[in-house]
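In case you want the letters, here they are:
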Amino acid sequence: MPERTVRRQARGLKRMAEILDAAESVIAEVGYPDMTTNHVATRAGMSPGSLYQFFRNKEEILDGLVARYTSDRQEFWAARLAAVTPEMPLEVLVEQVVDESVTFKTASPAYWSLLYGSATGDQLASASQRLHADIARQVAALLRRRSPGLPQERAELMGTMAVAMVKAVLPLVTTAPPERGAELVAELKLALVRYLE
């Protein structure tokens, strides 16, 4: 492949990443429903016409963000999976995953905005379902690695329920005063351990 083509592709990938960074910032500030391609273009320092060379509309930007988050989180889940053994206490596994989720929620508010989605059945709800299903599959893999005899279907159901519990509690944690937030995290861990035992 000619060097010029490689450089052009690298610049294109870099520009796409900048657009997704800008979209993430806008979503964290105003939410996905109120985000426009003009907002994203302005935040990325480009014209709307330039943005349209990479993403034709906000739905394509959403798809790009979902793909990015799914890919980026694979490294986290792979590291967690590699560390799990049947001898690992469930309390330790739950503590690690919950603590990392709390940290990640604080650092990536746009991800969580997308994960919570919308109940209206729109594209955002679909993106939320895709993110939720991916996390549930990862949790199911952790559970099966820790308990090799656990049937796949049961692990997937347990993963779905565990993710739903975390999704329900984390907004309470992040909006509570620090001491109350710590209490809520402790209760979440206790509930998860009791459920997953």
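Residues numbered from 1 in each chain as written. Predicted model: local features only at pLDDT ≥ 70, side-chain atom pairs only at ≥ 80, totals over all residues. Heavy atoms only, no water.

Draft legend 1. Broad picture of the overall build of the chain. Looking only at helices and strands, the chain features 9 helices and 0 strands. Scanning the chain from its N terminus toward the C terminus, one meets helices and strands in the order α-α-α-α-α-α-α-α-α. Along the first, second and third principal axes, the C-alpha atoms of the chain reach 55 × 45 × 30 Å. Taken across its 197 residues, the chain has 41% of its residues classed as buried. Look at the contacts in the chain between residues 6 or more apart in sequence, and 64% of them connect residues 24 or more apart. When the accessible surface of the chain is summed, it comes to about 10,800 Å², and 56% of that surface belongs to carbon and sulfur atoms. Within the chain, the 24 negative side-chain charges are centred at a point lying 6 Å from the centre of the 23 positive side-chain charges. (Helix = DSSP H or I, 4+ residues; strand = E, 2+ residues; numbered from the N terminus. Buried < 20%, exposed > 50% of the residue type's maximum accessible area, 1.4 Å probe, protein only. Contact = heavy atoms within 4.5 Å. Areas by Shrake-Rupley, 256 points an atom, 1.4 Å probe, with all protein chains shown as cover. Lys, Arg positive; Asp, Glu negative; His and termini not counted. Charge placed at Lys NZ, Arg CZ, Asp CG, Glu CD.)

Draft legend 2. Looking closely at the packing of helix 5 (residues 90–107) against helix 9 (residues 178–196). Viewed as axis vectors pointing N to C, helix 5 and helix 9 meet at an angle of 135°, and their least axial separation amounts to 10 Å. Taken together, the axes of helix 5 and helix 9 lie oblique to each other. Like other packed secondary-structure pairs, helix 5 and helix 9 cross with a definite hand, here right-handed. Residue-level contacts link L90, E91, V94, E95, V98, D99 and V102 of helix 5 to V185, L188, K189, L192, V193 and L196 of helix 9. By residue class, the composition of the contact of helix 5 with helix 9 is 9 nonpolar, no polar and 4 charged. (Axes fitted to C-alpha atoms, helices over the stretch in contact; angles between N-to-C directions. Parallel < 35°, antiparallel > 145°, perpendicular 65-115°, else oblique. Left-handed = near helix turned anticlockwise from the far one by under 90°. Nonpolar A, V, L, I, M, F, W, Y, C, P; charged D, E, K, R; others polar.)

Draft legend 3. Just the packing of helix 4 (residues 58–83) against helix 6 (residues 109–116), in detail. In contact at an axis separation of 11 Å, helix 4 and helix 6 are set at 110° when each is read in the N-to-C sense. By the angle between their directions, the pair helix 4 and helix 6 is classed as roughly perpendicular. Across the interface between the two elements, L62, L65 and Y69 of helix 4 pack against A110, Y111 and L114 of helix 6.

Purely geometric stuff here, so don't read any function into it on its own.
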